[in-house]
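# Chain and residue survey
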Amino acid sequence: MIPFLDLKNINQQYRNELIMACTRVIDSGWYIGGKELETFEQNFARYCGTQFAIGVANGLDALILTLRAWKELGKLQDGDEIIVPANTYIASILAITANNLTPILVEPDLTTYNIDPIKIQQAITPKTRVILPVHLYGQLADMPKIMEIAKQHNLLVLEDSAQSHGAQLQGKKAGNWGDASGFSFYPGKNLGALGDAGAVTTNDAELANMLKALRNYGSHEKYKNLIPGVNSRLDEIQAAMLDIKLKYLDQEITHRRQIANLYLSKIRNSYIKLPLDKINASEYKQHVWHLFVVRTDQREALQKYLADHGIQTLIHYPIPPHKQQAYKEMNSMSLPISEQIHNEVLSLPIGSHLNFEDVNLIIQVCNEFKN
Ligand SMILES: *Cc1c(COP(=O)(O)O)cnc(C)c1O
């Protein structure tokens, strides 16, 4: 079986360095809020091109706490509207509702799977305060247009970069376009910890400072609490693991791009629609291919056929957020493009656990699919 993902295999490549770093932290006797976190925050900020990176417990908290920080700073209040793509992973929307803010679901472009800037414009009301674009599957949303719209309407921009560490457009990386950005280092992400972790990147010193308090009980100084904060910290062991894996992130991305380029140039089957970049083909170079997502109106048959030929695939995602039981009040909304995407998408295996023999087999099997 060619597995969709094999974290054991991926982390095996860095095993010796990970063990050495882990041993260093164990022997240091210092496990929360120390040198390892500081080093990783600096290196990750430098990688993204931002002034600040603030480590938190996970990607959902990165988004929740950024919106929360803007509330504390007087930039947002309960009931304000936040524009978000309708086809995102539910975490982007949970971050909005967790803060008593109102998600305004906007349809994506069918070919890039990313939020459609024209529809953002149509969704803006006097209550809109934030655009929350998601760089889905590893490709940046149309940030030049989104930043222009935000500027025109005086809106904040919070990027959800959980799937797009290192993705670029016009030489600027994910996490460095908006006013702030949330990252996840969930083990299966392109930059994955060996447990839960996340970060916010920003060039805003005031926001960075507020986030550092919020993640630590609302406190900068022990036993002095400025605001009612939470406990959402990135611990020393995970920071040390991430700092090692960050060194190899570009190499991992290169491997993903090689696989994606093979899929794009060699999969030819009228039942399988390949992911497209609307802007131009050279933009493929900027995509980090967290997921390689095709569309097909024969999904059930194709998924079963691939499994029968030893190829594991997954669906990202089978149910759109507005059809989830968690959001009953949205269940009657009609979002036909998102619904079509959720009915048709299928993710092929991609990542450094695959060799080129695996990839060629996947291509051949895909090309022989008929129904
Ligand atoms: C993974 C993910 C998150 C949440 O990250 P966690 O670390 O699992 O909390 C948020 N948004 C998107 C788009 C994601 O893919």
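What comes next is a walk through the structure. In this text the structure is predicted, and so the values were computed from the model without any measurement.

## Some details on unusual backbone geometry
Comment: phi is negative for the bulk of residues other than glycine, and the bulk of peptide bonds are trans. Geometrically, the link from H316 to Y317 is a cis peptide bond, its omega value of 15° lying close to zero. With respect to the secondary-structure elements, Y317 resides in the loop between α11 (299–308) and α12 (336–344). Phi is positive for Y137, which is not a glycine, with a value near 65°. By the secondary structure assignment, Y137 is in the loop between β4 (128–131) and α7 (143–153).

## Here we look at the pairing of strand β8 (residues 180–184)
Counted residue by residue, β8 has 5 buried out of 5 residues, so it is predominantly covered. Burial along β8 is two-sided: A180, G182 and S184 facing one way and S181 and F183 facing the other are all buried. Note that β8 and strand β9 (residues 198–202) share 4 bridges and pair antiparallel. The residue of β9 that forms the bridge with S181 is T201.

## As for the packing of helix α4 (residues 59–72) against helix α8 (residues 205–214)
For the pair α4 and α8, interaxial distance at closest approach is 9 Å and the crossing angle is 110°. Viewed along their axes, α4 and α8 adopt a mutual orientation that is roughly perpendicular. Here α4 runs over α8; the crossing is right-handed. Here L65, T66, R68, A69, W70 and E72 of α4 lie close against α8, whose contacting residues are L207, M210, L211 and L214.

Calculation criteria
Residues numbered from 1 in each chain as written. Predicted model: local features only at pLDDT ≥ 70, side-chain atom pairs only at ≥ 80, totals over all residues. Heavy atoms only, no water. Helix = DSSP H or I, 4+ residues; strand = E, 2+ residues; numbered from the N terminus. Buried < 20%, exposed > 50% of the residue type's maximum accessible area, 1.4 Å probe, protein only. Pairing = 2+ DSSP bridges. Axes fitted to C-alpha atoms, helices over the stretch in contact; angles between N-to-C directions. Parallel < 35°, antiparallel > 145°, perpendicular 65-115°, else oblique. Left-handed = near helix turned anticlockwise from the far one by under 90°. Contact = heavy atoms within 4.5 Å.

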